[in-house]
Amino acid sequence: MTRSRAAGADGTGTETETGTGTGDRAGGAAGEPAGAAAVGPAWAELVATARRTVSDGLVVGTSGNVSVRVGDTVLVTPSGVPYDRLAADDATGVDLDGRQVLGALVPTSELPMHLAVYRADPGARAVVHTHAVHATAVSLLVPELPPVHYMTAALGGPVRVAPYAAYGTAELARGMLEALADRTGCLLRNHGTITYGTSLDQAYDRTAQLEWMCRLWLTASSVPGHSPSLLTPAQLAEATERLRGYGQRS
């Protein structure tokens, strides 16, 4: 990964880690308009991912939101519509400036956060935001989730907590970007989680792993007279290297 500096939701520069952009399953390279052939499959995958956040207990009702970048179009879940009611012709998309270019439904109110991620990291191809219970609980307690498991390395290191700000605001997007520096996920104080990746599968997996680690830390911390053991920076660095070679190779 390399560093890049790009405009956040409010137009200010923010420095963050940039991925390679490989593994994009949605189709459409950055800098290109989204074609109809790419939009259909990407929207179907987005809806499936949004429904999964509900079935896996990461959100309740219409809380949380999901987006995927196809070229210079960001497909995003609409505001206030139950995910099980979304159909193929409900595809909702905006450009990187937030102008609606696809569909008639109003985009999620959290659009500033999603756009801030895509502007800051050109390698970002998908973003998942949830109100997961254990992760949100941790956001109330500490400024950073301690490194209780080696999957901390998959998010770039100990997960920071962004300061509270009203939902849907540029202030929230700015705080999120600061917490995401050198990371691919963070907690939002009194709010929830946000993660991103090079595909919807990767972004979702990072969300699920973050919620699991928060539950692990809360469980271990609740045992009277004991404090959870934490991984050292050297141990996290070793895990980072080992995770580079994890999984199947095509």
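Numbers given for residues are sequential positions, taken from 1 along each chain in its written order. The model is predicted, so local features are restricted to residues of pLDDT at least 70 and side-chain atom pairs to those at 80 or more, both for listing and for counting; the totals for chains, interfaces and linings are taken over all residues. Computation of side-chain values covers all heavy atoms of the structure but excludes hydrogens and water.

Turning our eyes to something else, we now look at the overall build of the protein. The helix and strand labels rest on DSSP assignments: H or I over at least four residues marks a helix, E over at least two residues marks a strand, and numbering proceeds from the N terminus. Scanning the protein from terminus to terminus reveals 6 helices and 11 strands. Contacts are residue-level and defined by heavy atoms, with any inter-residue pair within 4.5 Å sufficient. Across the protein, every contact between residues at least 6 apart in sequence was considered, and the portion connecting residues at least 24 apart equals 66%. Every accessible area reported is derived by Shrake-Rupley at a probe size of 1.4 Å, with residue values counting cover from the shown protein chains alone. Roughly 11500 Å² of accessible area belongs to the protein as shown, and the carbon and sulfur atoms make up 54% of that amount.

Our next topic: the pairing of strand β11 (residues 192–197). The buried fraction of β11 is high, at 6 of 6 residues. On β11, burial covers both faces: Gly 192, Ile 194 and Tyr 196 on one face and Thr 193, Thr 195 and Gly 197 on the other are all buried. Where strand β7 (residues 126–130) and β11 come together, 5 bridges link them in antiparallel fashion. Within β11, the residue paired with Thr 130 across the bridge is Thr 193. Relative to β11, strand β10 (residues 185–188) runs antiparallel, the two sharing 4 bridges. Buried means the residue's accessible area, taken with a 1.4 Å probe over protein chains only, is under 20% of the maximum for its type, while exposed means over 50%, and partly exposed covers the values in between. When DSSP locates at least two bridges between a pair of strands, those strands are taken to pair.

Our next topic: the side chain of Thr 195. Mapped onto the fold, Thr 195 is located in strand β11. The term polar contact refers here to a pair of N or O atoms within 3.5 Å; inside protein, the definition further demands a hydrogen-donor-capable atom paired with an acceptor-capable atom, and it admits residues adjacent in sequence only when both atoms are side-chain atoms. Within polar-contact distance, the side chain of Thr 195 engages the backbone oxygen of Ala 203 at 2.9 Å.

Let us look at helix α5 (residues 200–221). Multiply 1.5 Å by the residue count of a helix minus one, and that product is the helix's expected span. Relative to the 32 Å expected for 22 residues at 1.5 Å per residue, α5 spans 32 Å between its end C-alpha atoms, a close match to the ideal helical length. The complete set of buried residues in α5 reads Leu 200, Ala 203, Tyr 204, Arg 206, Thr 207, Leu 210, Glu 211, Met 213, Cys 214 and Trp 217.

Below, the discussion takes up the sheet that holds strand β4 (residues 73–76). Pairing is mixed in the open sheet, where 9 strands are placed in the order β6-β5-β4-β3-β7-β11-β10-β9-β8. A single partner strand is all that each edge strand has here, and the edge strands are β6 (100–102) and β8 (144–145). Here the axes come from fitting lines to C-alpha atoms, over the contacting stretch only for helices, and the angles between their N-to-C directions go from 0 to 180 degrees. Lying over the sheet, helix α4 (residues 170–180) contacts β9 (159–162), β10 and β11, oriented at roughly 160 degrees with respect to β9. Packing against the sheet, α5 makes contact with β3 (65–70), β7, β8, β9, β10 and β11, and its axis sits at approximately 140 degrees to β11.

Counting buried residues in helix α2 (residues 111–120) gives 8 out of 10 residues, a clear majority hidden from the surface. Buried within α2 are the following residues: Leu 111, Met 113, His 114, Leu 115, Ala 116, Val 117, Tyr 118 and Ala 120.

This brings us to the packing of helix α1 (residues 36–55) against α5. Two elements in contact, α1 and α5, have axes separated by 11 Å at closest approach and are oriented at 10 degrees. Comparing their axes, α5 and α1 come out roughly parallel. In the packing of α1 onto α5, the handedness of the crossing is right-handed. Residue-level inspection shows Ala 42, Glu 45, Leu 46, Thr 49, Arg 52 and Thr 53 of α1 in contact with α5, the latter providing Leu 200, Asp 201 and Tyr 204. Here the word oblique covers every angle except those under 35 degrees (roughly parallel), over 145 (roughly antiparallel) and from 65 to 115 (roughly perpendicular). Crossings are assigned a handedness: left-handed for a near helix turned anticlockwise from the far helix by less than a right angle, right-handed for a clockwise turn.

In this text, buried Ala, Val, Leu, Ile, Met, Phe, Trp, Tyr and Cys residues form a nonpolar core when linked through side-chain atoms within 4.5 Å. Grouped together as the largest cluster of nonpolar side chains are 25 residues, with contacts concentrated most on Met 113, Val 117, Met 176, Cys 186, Leu 188 and Ile 194. Counting residues per element, the ones that place at least two in this core are β4, α2, α4, β10 and β11. Here the element with the most residues in this core is α2; it accounts for 7 residues. Contact partners of Met 176, with chain neighbours within four places excluded, come to Met 113, Ala 116, Val 117, Ala 162, Cys 186, Leu 188 and Ile 194.

Looking now at the confidence of the model for the protein. Summary of the metric used: pLDDT quantifies the predictor's per-residue confidence within the range 0 to 100. Of the residues in the protein, 84% have a pLDDT of 70 or more, and the chain-wide mean is 87. Low pLDDT (under 50) marks residues 1–29, which in the prediction has 80 contacts with non-local residues, meaning those over four places away or in another chain.

For the pair α2 and α4, interaxial distance at closest approach is 9 Å and the crossing angle is 45 degrees. In terms of orientation, α2 lies oblique with respect to α4. Viewed along their axes, α2 and α4 form a crossing whose handedness is right-handed. Touching Pro 112, Met 113, Ala 116, Val 117 and Ala 120 of α2 are Leu 172, Ala 173, Met 176, Leu 177 and Leu 180, all from α4. Here the residues of the contact of α2 with α4 are counted per class, giving 10 nonpolar, no polar and no charged. Classes in brief: Ala, Val, Leu, Ile, Met, Phe, Trp, Tyr, Cys and Pro nonpolar; Asp, Glu, Lys and Arg charged; the others, Gly included, polar.

For Asp 182, which is not a glycine, the phi torsion comes out positive at approximately 65 degrees. You can see Asp 182 is positioned in the loop between α4 and β10. On the basis of relative accessibility, which here comes to 24%, the residue Asp 182 falls in the partly exposed class. Non-glycine residue Asn 190 carries a positive phi angle of around 55 degrees. In this fold, Asn 190 is placed in the loop between β10 and β11.

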